Amino acid sequence: MTYGAPAPDPRQDAPVCARHPDRISYVRCQRCGRPACAECQRPAAVGFQCVDCVREQAQNIPVTRTAFGGVTRTGRPIVTFSIIGACVALFLLQLVSPLVTGTLLYAPYYTAGVPGIVEPEPWRMLTAAFLHSPNFLLHIAFNMYALWVLGQALEPMLGRARFLALYLLAAVGGSVGVLLLSGFNQGVVGASGAVFGLFGAMFVVQRRTGGDVRQLVVLIAINGVLGFVVQGISWQAHLGGLLTGALAVAVLVYVPKGARRSALQWAGLAAVAVVLVLLTVLGVFLLPI
């Protein structure tokens, strides 16, 4: 026995994690055979696989598409519920502080000599769609119920990204309708324009798939008439959102299948956005002085 020699390091010949060489691991990936520490192990049908193999397999799995080109998702309609959550959260903030309403509402026309806020703050055309009247609980209740019903039908068919684009375009379209058709001298809030955009989208989808649209037409007509007979409801926002939603979804459902379908769909949605911008610029120049 030799005295003074260093003791052998038991870690010298021990297997180490492929991603973390400082960690000993006797568990090997069932796919590639490399050692994987606890952080890099992923449960598999038999044993464990390393995180690299799991990622590689996920990339090789073909993406399934809906009938209209969106990515097929399982589970709840996340975008719909997220929009509802944002509207409810802002509504509660409106109850706490009126400054929230004043900061995000939409007022297109000149009021008492004060210029409208479309030109200097155009984002209000979108943010106002996430606000509701703090003095009228049915305002947000109806809009969120309609969004919940329509969103659960449309989001799985269109896919999350396309549904979100549709909703946002319809929201801005409602504001453009107010800008071009309304003589309101007060701020406008509400998701009604975007919700009517979903009504219009559902009508186009039903026509495209051969579904019955009679009940939907009656529902749109009843809610449309309310804008003329109930004071404080902007039929202009309803009409703008309805037309924008119908136009945007027509781009999605009537583009033929093919390798370029997704690119054509997004190009069509971008064209709808450009039209809304042009109409907004036109409306700003036509604002009464």
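Structural data are supplied above this passage.
In what follows, the accompanying structure is described. (Residues numbered from 1 in each chain as written. Predicted model: local features only at pLDDT ≥ 70, side-chain atom pairs only at ≥ 80, totals over all residues. Heavy atoms only, no water.)

Let us now look at the pattern of salt bridges. Applying the stated criterion across every chain, the model contains five salt bridges. Its salt-bridge partner being Arg 19, residue Asp 52 comes within 2.8 Å of it at the nearest N-O pair. On the criterion of sequence distance, the pair formed by Asp 52 in helix H1 (residues 51–60) and Arg 19 in the segment before strand S1 (41–43) is long-range, its members being 33 residues apart. On the basis of relative accessible area, Arg 19 is assigned to the partly exposed category, the value being 43%. Several salt bridges converge on common partners, so that one network encompasses Arg 19, Arg 34, Asp 52 and Arg 55. (Salt bridge = Lys/Arg side-chain N within 4 Å of Asp/Glu carboxyl O. Helix = DSSP H or I, 4+ residues; strand = E, 2+ residues; numbered from the N terminus. Buried < 20%, exposed > 50% of the residue type's maximum accessible area, 1.4 Å probe, protein only.)

Within the secondary structure, Pro 15 sits in the segment before S1. Classification of Pro 15 by relative accessible area gives buried; the value is 19%. In the structure, Pro 15 is positioned eleven residues away from Tyr 26 in sequence and 6.2 Å away in space, judged by C-alpha atoms.

Right, let's talk about a nonpolar patch on the surface for a bit. The grouping of Leu 180, Leu 181, Leu 239, Leu 243, Val 275, Leu 279 and Leu 282 at the surface amounts to a nonpolar patch, some 550 Å² of accessible area in total. Breaking the nonpolar patch down by element, the ones donating at least two residues are helix H6 (160–181), helix H9 (235–254) and helix H10 (261–285). With three residues, H10 is the largest single contributor of residues to the nonpolar patch. By the secondary structure assignment, Leu 180 is in helix H6. Leu 180 gets classed as partly exposed once you look at its relative accessible area, which sits at 35%. (Patch = residues over 30% accessible without salt bridge, like charges linked within 9 Å, V, L, I, M, F, W, Y side chains within 5 Å. Areas by Shrake-Rupley, 256 points an atom, 1.4 Å probe, with all protein chains shown as cover.)

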